[in-house]
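# Summary of structural features
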Protein chains: 2
Amino acid sequence: MDREEFRRFGHAFVDWVADYFENVGELPVRPAVSPGEIRAKLPKEAPRSGENMADIFNDFKEIILPGMTHWQHPGWFAYFPANNSPPSVLAEILTAGMGAQCMIWQTSPAAAELEEVVMEWLRRMLGLPEGMAGVIQDTASTATLCALLTAREKATGFAVNERGFRERLTVYASAETHSSADKAVKIAGYGIKQLRRVPTDKDFAMVPAQLERMIREDRERGLLPACVIATLGTTSSAAVDPLVPIGDICRRHGVWLHVDAAYGGSAGILEERRWIFNGVEAADSLVFNPHKWLLTNFDCSAYFVKDPGLLIRTFEIHPEYLKTGVDAEVKNYRDWGIQLGRRFRALKLWFVLRSYGVEGLKNVLREHLRLAQEFRGWVESDERFEVMAPVHFGLVCFRFNDGSAENELERINREIMTRVNDSGRAYLTHTSLGGRFCIRMSVGQRTTAEKHVREAWELVLQAAGSLAGKKAK
Amino acid sequence: MDREEFRRFGHAFVDWVADYFENVGELPVRPAVSPGEIRAKLPKEAPRSGENMADIFNDFKEIILPGMTHWQHPGWFAYFPANNSPPSVLAEILTAGMGAQCMIWQTSPAAAELEEVVMEWLRRMLGLPEGMAGVIQDTASTATLCALLTAREKATGFAVNERGFRERLTVYASAETHSSADKAVKIAGYGIKQLRRVPTDKDFAMVPAQLERMIREDRERGLLPACVIATLGTTSSAAVDPLVPIGDICRRHGVWLHVDAAYGGSAGILEERRWIFNGVEAADSLVFNPHKWLLTNFDCSAYFVKDPGLLIRTFEIHPEYLKTGVDAEVKNYRDWGIQLGRRFRALKLWFVLRSYGVEGLKNVLREHLRLAQEFRGWVESDERFEVMAPVHFGLVCFRFNDGSAENELERINREIMTRVNDSGRAYLTHTSLGGRFCIRMSVGQRTTAEKHVREAWELVLQAAGSLAGKKAK
């Protein structure tokens, strides 16, 4: 492909993205495709000779696009958001074009130093303690694994890295903690049985007294408590674990405190939500995802640590072929995580933070918070429905409840959700809270406006109405 | 940023990339910047209000670009290549624009199915055994960690995941194996002391008899051999471990065989290099990096496994909030690796494979192999230089050797490398082979042509000449 052809298709693709941003709201959020349907349209072998970009682009539009779920749809209320934004997409063009692999300072000095700078910008924006150092990870799953590994090494004096896992170390997380904690305790060799599920209160937040009891009991049994994971914005209901008492317990027992603020953390840029970080001084590590709610293309997960020395000592490697003359003077981020190779992720974050400015980002988040409260109000004012958890951020957990038995309620609410989703106008997902099936309405897509939230509610009402009608027959 | 502004800057950025591809060869491969120099040019805080994209782009060009190391420079002979290509960059625009998070089938059916299809295309292109199933990982470091985790679980009947690491499991890799093996045995809890460094022969390839001896000795000591890592294209010298005898040993001892073909694997698309895969039927897992030598933007690492059931059982999680109605019928790649969140990486691979076609890719690789042999010839025909390892792929390890003592030779060769790199016209890195300092000349950047290889050799000769002159004084 020559320069002119690249230019021509590049312009066409940019135009396509510009139109996509504008029109994605008219596509069904979730495609109506069956398993295997897309695969059946694709050849079983790579072509022998090169094909025209026009044909490839055409197949993209005709085969791939109709099978995509549209995360940037304003009717996206599923899971959590994974926002991109125009400046972020623009930065990705430059990142892809330069194709730099930023494993160490010398392989891209500007990338390493920009990462340091933008992570410090984020630290200040969130009001995290001075001295905390940041690194961009791909996902919060990886960051939480890094935390559990560093905690493991700290608790054992770096003996596991050296001679293998022998100790019985325990990890504590609320019963509402994300599944990445389960995955990470397995990967790091603790074993899932050593993950204590701390009970939660009526708001689904960790009960500190229960945490302390469990730590004491484990100590008495000769186990070694190594890490507590506190969550600011759990996946099911966006509950907030109280950092002040949890941090106090961790300090007294010498246990690593990892804060999973993957979703909720972005709200820390708002003064009125900063309370979630009360007590964060006690945290040894913290992760939050700009790729969720800070308009930066997936993947971009911000991981902060109090003592980078411990992180580096957990991961550092020094093969001859990676040594450079400046290693003592620079940050080589290869030693700050699992992967050696690293993309230039700091660029898109820099573009987003500058293009929106802190105030611009605050406005976006505040509107999402306002819309979530609106939705909560509609649910509360309709006696057939109930809100199932406090609404701290953009997530509203609710359900239809006409007093039927629990299994009947689950059936009805599942059916409501299915009907809304099948409309293609909104996409809701579900969870289980205290054993009850709930619908999750997660407001946070960049372009979601009041009309989209209202439309979703109307779809819920329609579905509930026709179901209730059926029941009456 | 409105649609027109996005469009305008998008076009400008595409044009910038088009020009960059054309002119990157005129920039210094490695920038002449000192640690801290870029950071000092950047503000300490994020801006309060949004800034113009024109200003951001300007700063990108004036502050960031001069601090970048240019991996797409035709004078890139450092480390291994990390190629992008026009079709790959084009695909990245669409991927960024759609911003889909492809953790499970339902969150992007087309992404999941295209991943399955292109991985099957790759399997056929490389002639890997039928039935091997593929998944895209970010890096070979992650893939090797996945292999060590699955091997750990298989060896212990999934007991480590369940109740924590208790067994003394051992891992075997040649003394030339990549540092990601060290990192992975630590992360997975084996401990670095349980990593056996199998001696290599004069060509730096693993000696199977030594491997077998070590496995036997460990068994006699009551240890449980869990995994052997064989490398096709080691990082230092691109040595090829012999899979046939290694696979035979693994089979007889019931040990997991992981093949790290991160660099060399791409050459498997060439009939004349297919011999590297002789014996691959014995492999339980294999990784190679299309982001190195198959013109697909970093990151894109292809991981193949014989038994996906074992991989999935190692990583699977089933929280309520991720359950969907089609889970039994589809591939949910979240369970095929460490991260939950996943980018739509299959798209760029699809664009590259279709745009070049298999023959087009073969031509690119064959030219690199030819250029490496040319360079090897020049080194061999100059009696002041010597080639230090067999040249199987694009990598030539060599050094100046005028018969001086080893430490003097190291000093001279370091100086030669420094002078070549300071020229800005070529970028070489080094390694140590059998305790001897060697310069690595790694030919594999997409646009590298004979003139660039010749220029690098002339720079080496110039540096050597002036150094030899100095010595004579």
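These numbers were taken from a predicted model, which means no experiment stands behind them.

Taken domain by domain, chain A consists of domain 1 (3-81) and domain 2 (100-343). Computed from C-alpha atoms alone, the centre-to-centre distance between domain 1 of chain A and domain 2 of chain A is 35 Å.

Time to look at the sheet that holds strand S6 (residues 256-260) of chain A. Across a sheet, paired strands are connected by hydrogen bonds in the backbone, their directions being either parallel or antiparallel. All names here are of chain A. In spatial order, the strands read S2-S8-S7-S6-S5-S3-S4; together these 7 strands make up an open sheet with mixed pairing. At either margin of the open sheet sits one strand with a lone partner, and together these are strand S2 (133-137) and strand S4 (195-198). Strand-to-strand, the axes of this sheet are offset by a mean angle of 20 degrees, without reference to chain direction. Inspection of the sheet shows strand S7 (residues 285-288) paired to strand S8 (residues 301-305) by 4 bridges, in the antiparallel sense. In the strand pairing of S8, Leu286 is matched with Phe304. Seen against the sheet, helix H4 (residues 109-126) touches S2 and S8 and runs at an angle of roughly 110 degrees to S2. Along the sheet, helix H7 (residues 179-187) makes contact with strand S3 (169-174), S4 and strand S5 (224-231), crossing S4 at roughly 160 degrees.

With that settled, consider the pairing of S6 of chain A. On a regular strand, each side chain points to the face opposite its neighbour's, so the side chains alternate between the two faces of the sheet. Residues and elements named next belong to chain A. When you tally the buried positions in S6, you get 5 out of 5 residues, the bulk of the element. Because side chains alternate across S6, one face comprises the buried residues Trp256, His258 and Asp260, and the other comprises Leu257 and Val259, equally buried. Where S5 meets S6, 5 bridges bridge the pair, whose relative direction is parallel. Paired with Thr231 across the bridge in S6 is Asp260. Strand direction decides the pairing type here: S6 and S7, joined by 3 bridges, are parallel. Pairing of Asp260 across the sheet is with Val287, part of S7.

Looking now at the relation of the copies chain A and chain B. With an RMSD of 0.0 Å, the operation that places chain A on chain B is a rotation of 180 degrees combined with a shift of 0.0 Å along the axis. Taken together, the rotation and translation describe the operation of a two-fold axis. A shared binding surface is used by both copies, with 100% of the interface residues of chain A retained as interface residues in chain B.

Rules behind the numbers
- Residues numbered from 1 in each chain as written.
- Chains lettered and ligands numbered in written order.
- Predicted model: local features only at pLDDT ≥ 70, side-chain atom pairs only at ≥ 80, totals over all residues.
- Domains from an automatic or database assignment.
- Pairing = 2+ DSSP bridges.
- Helix = DSSP H or I, 4+ residues; strand = E, 2+ residues; numbered from the N terminus.
- Axes fitted to C-alpha atoms, helices over the stretch in contact; angles between N-to-C directions.
- Contact = placed C-beta atoms within 7 Å.
- Buried ≥ 20, exposed ≤ 12 C-beta atoms within 10 Å, placed from the backbone.
- Least-squares fit on C-alpha atoms with pLDDT ≥ 70 in both.

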